[in-house]
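The chain contents come next:
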Amino acid sequence: MASVHESLYFNPMLSNGVVHANVFGVRDWVTPHKMALLVLLSELGRAGAQLGLLERRRLNRLLLPLLQGPDMALSRLRKAIEECCPHLAGSVHIRLKLMAEGELKDMEQFFDDLSDSFSGTEPEVHKTSVVGLFLRHMILAYNKLSFSQVYKLYTALQQYFQKDEKKDGADENEMELTNPEELDGKMEKEELDGPLREEEIACSGPLSQKQAEYFLSQQASLLKNDETKALAPASLQKELNNLLKFNPDFAEAHYLSYLNSLRVQDVFSSTHSLLHYFDRLILTGAESKSNGDEGYGRSLRYAALNLAALHCRFGHYQQAELALQEAIRIAQESNDHVCLQHCLSWLYILEQKIFDSCVLLEHSVNKSLHFGLPYLASLGIQSLVQQRAFAGKAANKLMDALKDSDLLHWKHSLSELIDISIAQKTAIWRLYGRSTMALQQAQTLLSMNSLEAVNVGVQQNNTESFAVVLCHLAELHAEQGYFAAASEILKHLKERFPPNSQHAQLWMLFDQKIQFERAMNDGRYHVADSLVAGITALNSIEGVYRKAIVLKAQNQMSEAHKLLQKLLIHCQKIKNTEMVIRVLLSIAELYWRSSCHTIALPVLLQALALAQEYSLQYLASETVLNLAFSQLILGIPEQALNILHMAIEPVLAHGAVLDKGCAMFLVAKCQVASAASYTPQKKIEALESAILNLNEAKSYFAKVDCKEQLRDVLYFQARLFHTLGRTQERNKCAMLFRQLHQELPAHGVPLINAFK
Amino acid sequence: IGRAGAMAAAGMVAAAGGGDFSDLREIKKQLLSVAERSRERGLQHSGKWAAELAFALEPLPLSELPPPPVLTEEDARDLDAYTLAKSYFDLKEYDRAAYFLQGCKSQKAYFLYMYSRYLSGEKKKDDETVDSLGPLEKGQVKNEALRELRVELSKKHKAQELDGFGLYLYGVVLRKLDLVKEAIDVFVEAAHVLPLHWGAWLELCNLITDKEMLKFLSLPDTWMKEFFLAHIYTELQLIEEALQKYQSLIDAGFSKSTYIISQIAVAYHNIRDIDKALSIFNELRKQDPYRIENMDTFSNLLYVRSMKPELSYLAHNLCEIDKYRVETCCVIGNYYSLRSQHEKAALYFQRALKLNPRYLGAWTLMGHEYMEMKNTSAAIQAYRHAIEVNKRDYRAWYGLGQTYEILKMPFYCLYYYRRAHQLRPNDSRMLVALGECYEKLNQLVEAKKCYWRAYAVGDVEKMALVKLAKLHEQLNESEQAAQCYIKYIQDIYSCGEVVEHLEVSTAFRYLAQYYFKCKLWDEASACAQKCCAFNDTREEGKALLRQILQLRNQGETSSTDVAAPFFLPASLSANNTPTRRVSPLNLSSVTP
């Protein structure tokens, strides 16, 4: 089961994906773009009644993003206005032209006139409206400028305007260029300007404060929710470097650069950026009086905590622990309970790598509730549920706990946690072997409208929960033999989580597991063997297990046994019960393959006991199947039939197609075996029903394309028909069997003795 | 006029071949003429450098004085404009100078024309920074003239019409545009065309960041190259090589050059040979009492040695000469810092930064002052600024580490100390600091490695061994602990310093007990006797002596031959000098 929690690292700046810190105190500055907006506003006022209702509405909708958005080139602005109202665009352009090509006094006059819009008994603009505030801000900012600044603004306006003109002119010029000499001259100039131009592009337009903030918050939220939509790591870094070049005090950029370096798994630069960010933050924290000393100490604690998170992310657990200790110590010294809670959650995550620590977690949940930290509390509950599920606690209690925490989520609209909760439910249902429930939960998450989606405009978030759910979905489909659907889902996963992204490992593992299963079904063991290496790289335990299975399938019993014993001991040590049971089953299979059914029985019973204790229902029924098979071989088919009734229901309801087939096949075998002692009449009935069951098994095997099993079933069926004297059917089965038999290599295991 | 003309002009002063200092008169002639030519072009600093160096050589008789530069036809045509513009230029009216030089064709006038345009741009840039349009523009104020200058100069460069000075200006423009690679090429070319122009060499020094880069440069083989190499070795912290070069320059006849003397002093300062550096600086001040350059380094030395009266004298003296110089402010800052008036010190460092925002050292020093004032956040700010200006400023990294250490974040500061250590791999202070942090984090294996390494690279404060010994003691590795203490005592004694060293008594006490446990009575009693010489261990020493006496009397009689005390360095008892070898310890085993 994939763990959902590891990736949730605390981040002081981002909550719900928005950059909150605005420590620098925005001061508005007049820029040429803003002047163009002012012109637009004044034209709008002047045009007044002439505008149609539709145009007016379009313009109003345009205004807000323009006022709040970043600066843009004049041509883009003009296009935007033109789309709403071509007439107005023309008049704005003319007024700007007049101002830019006129004198300084034109601009001064313009600003003088601006304040008129407030005056009068019925002013055009209300003072406290959005537009009014903007106007007043601008007027104030303009009045504050010194003479040289005013002059600079004017030249900037001229450049702004001329750039636009030039762009228009350039297109025409190129058409007229015919003179070869002139072309030469131009070429030379271009050549000279070549490297410089590149420079210019690199530092294209220093961003204004607002632009920069917008850019950062947008990228940060994209990084969190939908990495593929954010800028590529290299270009984002370039932008950030550019930003920092022009405004080295912009500390948030360092944080984003840290996040960006995390994306590409760059330890060095991410550490560098993180520490730089906190060094900067410490300054600003100290400067702002409201926080005083408190704010300064606070950032220190979180600095250490974040460093711990960073090391944890890169798998340096020892380093992370040291950093965490430091954070805890400082937080304790300054009585910061909130920070301590964060530390505690992290401590749990770290300790989890070493041993189970429910106590820590319970403590964390209690305290977090006490200090009113719903996010941490329910994160704790979720971790707790996860751990309890592995520890085999009662399922109803776990589901209750999840329900309670869900209440908390909806109350505080923690959409991220809702996603995680659903993903976790999917995983737990799968752990218990209830594939229908898992399927239902997975679909719920996928078709649910996220709370955040409304704001960001992204359809779905690209968080870990989605990756988990999609992976489970793929596997569920593959189990049912819908390989096309499964590969479709995997393809989607590949697109949404590109191979270098954080959660890509999840789908890589599932992809290989599915491929492995298919290869095993088809009997292409060499292919499966080649996949083992890939699986081992992503999950070592799973890899070893699969290796053993391949060895077993290749009849290398003693190697497989050795490997499985080793794995068993390891899994018992780390308390991975699910894997323990699976390993026990494989060992039992090894035993009965070597015809040691009596030795297999206690192993199977042990597995059964474990599976029932941890309520891993599906594994339990699989164990029962194995048990029944052993009993069949040991000559007590009646007993086998008895216990089969116990298992057949869950297998048919939740099982993989292959398991269903095996189960039905086994039932038929048992029926035949137990029919031996019946009266002839009863015997025929039993054989008839066995044939029906075999038909069902056949259809299951056909679904997953298991030719070997199919062949066995056919052989068996032919024998039954023969006994019943139905020659035609017998011949048909025999023919099919022969076809398959020619296709497949025969191997030594006697047909009747193979259960799987 | 083409390359030929430029070559002819350069040929007149073509420098003698590589490292050939046999003809000092010729060198002097070249220096005098290049000083004159630099001055004509307004390149004050290069002129000053050449003149200083020329002053160090024997005066020439009248007959051998270099003739005044020959005027060409073009020079004559531009003479009036040049004379007028030069006087404007000297009065810092650059735009005016450029205006009157428009259209001048002669090399000299053309250079002055371009140079004054460049300087005008720079001056405006500095002025602009004061009132810009908002914070977003703060970083982007740039010299507007640079682009035009680059286009024009590169055209001339392609046509090979630039002389040495022109190439130099072209290089400066490229560097200002952050086109480092191109700039290096152009500076190398400038050095080839006019090797005597120190400015080009100096710019190269600033652009070359490591030894590898230096190897791949093809430099002209002249005596100027020796000066360049010495200078760049100092910059790259290759002090041994630098000192060698300077020594050979002195041997060649430049013994009176204040430039070389100051450089040697700076080099000694860099390897922390404080006494040598101090004596050289004192000598320098005798020869050149009104010198302000490098005096900040001198004051650092005085500060380290806590020589209050000398520092005070220096501060007053410099203040009289010129109080609005960066170096003066720095000296005064150091002076206040030594007197523990840290607020005032910080004030003066701030002033230094106002005078020259690119003056690196002041940020770091200011950081130190804030640290003293316990204003950690301001200190962090200052250090960060220092790093921003120069990423290779190891003192700032070290200072940041110290700040966080004071804030009791030993793990956090590891990163900073590591950075500092990277920059100065052979500086024991960073290693000791790293070791202390590891010790606080209870990572004793790493700590041991750090201390051992610190000892191996030559420990300045002599504390690494004691710390190492204590670590061994803690880990119950008594054998190694004893070894470390012995080495430590040997070190202290071989220095010949009889200065009261705190840990000597501890060392002797441990050794006495160690030998006592090992039943080596002679050694034990020798150490115990030593213990009696210190106040804090006297009683223990006496008690131990009594015990030894008792046990000895019980046992056999001691051997009577008294060997040389084992703790004296071997060099004092025998003639084999102990060699310190740096064992290849893997310091980077820890993840960053």
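Residues numbered from 1 in each chain as written. Chains lettered and ligands numbered in written order. Predicted model: local features only at pLDDT ≥ 70, side-chain atom pairs only at ≥ 80, totals over all residues. Heavy atoms only, no water.

- Going by an unreviewed UniProt entry, chain B carries the name Cyclosome subunit 8 and comes from Certhia brachydactyla.
- The Pathway (unreviewed entry) field of the UniProt record for chain B holds the comment "Protein modification; protein ubiquitination."
- Listed under Sequence similarities (unreviewed entry) in UniProt, the entry text for chain B is "Belongs to the APC8/CDC23 family." (UniProt positions renumbered as here; feature names shortened; annotations may be inferred.)

- Under an unreviewed UniProt entry, chain A has the name Anaphase-promoting complex subunit 5 and belongs to Certhia brachydactyla.
- Recorded in UniProt for chain A, the comment headed Pathway (unreviewed entry) runs: "Protein modification; protein ubiquitination."
- As stated in UniProt under Sequence similarities (unreviewed entry), the record for chain A gives "Belongs to the APC5 family."

## Section: the overall build of chain A
Okay, step 1: Helix and strand counts for chain A stand at 35 helices and 2 strands.
Okay, step 2: The proportion of buried residues among the 756 residues of chain A is 52%.
Okay, step 3: Excluding contacts between residues fewer than 6 apart, the proportion of contacts in chain A whose partners are at least 24 apart in sequence is 66%.
Okay, step 4: Summed over its atoms, the accessible surface of chain A is roughly 35900 Å², and 55% of this surface lies on carbon and sulfur atoms. (Helix = DSSP H or I, 4+ residues; strand = E, 2+ residues; numbered from the N terminus. Buried < 20%, exposed > 50% of the residue type's maximum accessible area, 1.4 Å probe, protein only. Contact = heavy atoms within 4.5 Å. Areas by Shrake-Rupley, 256 points an atom, 1.4 Å probe, with all protein chains shown as cover.)

## A short note on a negative patch on the surface
Okay, step 1: A contiguous patch of negative charge, built from A:Glu108, A:Asp112, A:Asp113 and A:Asp116, is present on the exposed surface.
Okay, step 2: Turning to its location among the elements, A:Asp112 is positioned in helix H5 (residues 104-114). (Patch = residues over 30% accessible without salt bridge, like charges linked within 9 Å, V, L, I, M, F, W, Y side chains within 5 Å. Salt bridge = Lys/Arg side-chain N within 4 Å of Asp/Glu carboxyl O. Lys, Arg positive; Asp, Glu negative; His and termini not counted. Charge placed at Lys NZ, Arg CZ, Asp CG, Glu CD.)

## Overview of the nonpolar core
Okay, step 1: Among the nonpolar cores identified, the biggest contains 248 residues, and B:Phe227, B:Phe228 and B:Tyr404 are the most heavily contacted of them.
Okay, step 2: Counting 122 residues, the second largest nonpolar core, distinct from the first, contains A:Ala389, A:Ile489, A:Ile643 and A:Val657. (Core = buried A, V, L, I, M, F, W, Y, C linked by side-chain atoms within 4.5 Å.)

## Brief notes about the UniProt feature "repeat: TPR" (unreviewed entry) in chain B
Residues and elements named next belong to chain B.
Okay, step 1: As recorded in UniProt, the sites labelled "repeat: TPR" (unreviewed entry) are residues 326-359 and 360-393.
Okay, step 2: In residues 326-359, the share of helix is 79% and the share of strand is 0%. The end C-alpha atoms are 8 Å apart.
Okay, step 3: For residues 360-393, the helix share is 79%, the strand share is 0%, and the end-to-end C-alpha distance is 8 Å.

## A closer look at the confidence of the model for chain B
Residue and element names in this part refer to chain B.
Okay, step 1: Of all residues in chain B, 86% attain a pLDDT of 70 or more, and the chain-wide mean is 81.
Okay, step 2: Here helix H1 (residues 3-12) stands out as the least confident element of chain B, with mean pLDDT 40; helix H5 (residues 94-101) is the most confident, with 92.
Okay, step 3: For the stretch residues 1-18, pLDDT sits under 50, and the model shows 30 contacts to residues farther than four places along the chain or on other chains.
Okay, step 4: Low confidence marks residues 558-564, where pLDDT is under 50. Its contacts with residues over four positions away, or in another chain, come to 4 contacts.
Okay, step 5: In the predicted complex, the global pTM is 0.71; the interface-specific ipTM is 0.71. (pLDDT = per-residue confidence, 0-100.)

## A closer look at the packing of helix H28 (residues 577-593) of chain A against helix H30 (residues 617-633) of chain A
Relative orientation and spacing of two packed helices are given, respectively, by the angle between their axes and the distance between those axes.
All names here are of chain A.
Okay, step 1: It is the contact of H28 with H30, at a shortest axis distance of 11 Å, that shows an interaxial angle of 15°. It follows from the interaxial angle that H28 and H30 lie roughly parallel. H28 and H30 meet at a crossing whose hand is left-handed. Between H28 and H30, the contacting residues are Glu 578, Ile 581, Arg 582, Leu 585 and Trp 592 on the first element and Leu 619, Glu 622, Thr 623, Asn 626, Phe 629 and Ser 630 on the second.
Okay, step 2: Looking at side-chain class alone, the contact of H28 with H30 contains 5 nonpolar, 3 polar and 3 charged residues. (Axes fitted to C-alpha atoms, helices over the stretch in contact; angles between N-to-C directions. Parallel < 35°, antiparallel > 145°, perpendicular 65-115°, else oblique. Left-handed = near helix turned anticlockwise from the far one by under 90°. Nonpolar A, V, L, I, M, F, W, Y, C, P; charged D, E, K, R; others polar.)

## A few points about unusual backbone geometry
Glycine aside, negative phi is the norm for most residues, and most peptide bonds take the trans geometry.
Okay, step 1: Even without being glycine, A:Ser615 reaches a positive phi, approximately 45°.
Okay, step 2: Mapped onto the fold, A:Ser615 is located in the loop between helix H29 (597-613) and H30.
Okay, step 3: One non-glycine residue with positive phi stands out, namely B:Arg272, at about 60°.
Okay, step 4: Relative to the elements of secondary structure, B:Arg272 occurs in the loop between helix H14 (258-270) and helix H15 (274-287).
Okay, step 5: With relative accessibility at 27%, the residue B:Arg272 sits in the partly exposed group.

## Observations concerning helix H24 (residues 504-522) of chain A
Okay, step 1: Counted at 1.5 Å a residue, the expected span for H24(A) with its 19 residues is 27 Å, and the 27 Å between its end C-alpha atoms agrees.
Okay, step 2: Of the residues one or two after H24(A), A:Gly523 is the one with positive phi, at around 80°. (Expected span 1.5 Å × (residues − 1).)

## What to know about helix H18 (residues 326-338) of chain B
One turn of an α-helix holds 3.6 residues; hence residues three or four places apart share an orientation.
All names here are of chain B.
Okay, step 1: Between its first and last C-alpha, H18 extends 18 Å over 13 residues, near the 18 Å set by a 1.5 Å rise per residue.
Okay, step 2: Of all the 13 residues making up H18, 13 are buried; the element is thus mostly covered by neighbouring parts of the structure.
Okay, step 3: Of the residues one or two after H18, Ser 340 is the one with positive phi, at around 65°.

## A few points about the packing of aromatic side chains
All names here are of chain B.
Okay, step 1: Inspection of the entire model under this criterion finds 39 aromatic pairs over all chains.
Okay, step 2: With centroids separated by 5.2 Å and ring planes inclined at 80°, the aromatic side chains of Tyr 99 and Phe 100 adopt a geometry described as edge-to-face.
Okay, step 3: Taking the relative accessible area as the measure of exposure, Tyr 99 reaches 56% and is therefore exposed.
Okay, step 4: Using a relative accessible area of 34% as the deciding quantity, one classes Phe 100 as partly exposed.
Okay, step 5: Cluster of aromatic residues (ring-pair linked, three or more members): Trp 49, Trp 198, Trp 223, Phe 227, Phe 254 and Tyr 259.
Okay, step 6: Here the guanidinium or amino end of Lys 108 rests over the ring plane of Tyr 82, the centre of that ring lying 4.8 Å away. (Phe/Tyr/Trp six-rings, centres within 6.5 Å; stacked < 30°, edge-to-face > 60°. Lys NZ or Arg CZ within 6 Å of the ring centre and 35° of its normal.)

## Here we look at the packing of H5(A) against helix H6 (residues 130-144) of chain A
Residue and element names in this part refer to chain A.
Okay, step 1: Across the interface, H5 lies against H6 with an axial gap of 10 Å and an inter-helix angle of 135°. Relative to H6, the element H5 lies oblique. Crossing of H5 over H6 shows left-handed handedness. Between H5, through Met 107, Glu 108, Phe 111 and Leu 114, and H6, the contact on the second element is made entirely by Leu 135, Met 138, Ile 139 and Tyr 142.
Okay, step 2: Classifying every residue of the contact of H5 with H6 gives 7 nonpolar, no polar and 1 charged.

## A word on the pattern of salt bridges
Residues and elements named next belong to chain A.
Okay, step 1: Under the counting rule described, the total for this entry stands at 49 salt bridges over all chains.
Okay, step 2: Note that Glu 589 and Arg 593 form a salt bridge whose closest N and O atoms lie 4.0 Å from each other. Of this pair, Glu 589 and Arg 593 both sit in helix H28, separated by 4 residues, roughly a single helical turn.
Okay, step 3: Accessibility expressed as a relative area gives 8% for Glu 589, which makes it buried.
Okay, step 4: Among the charged side chains, a network of salt bridges with common partners joins Glu 517, Glu 542, Arg 546 and Arg 582.

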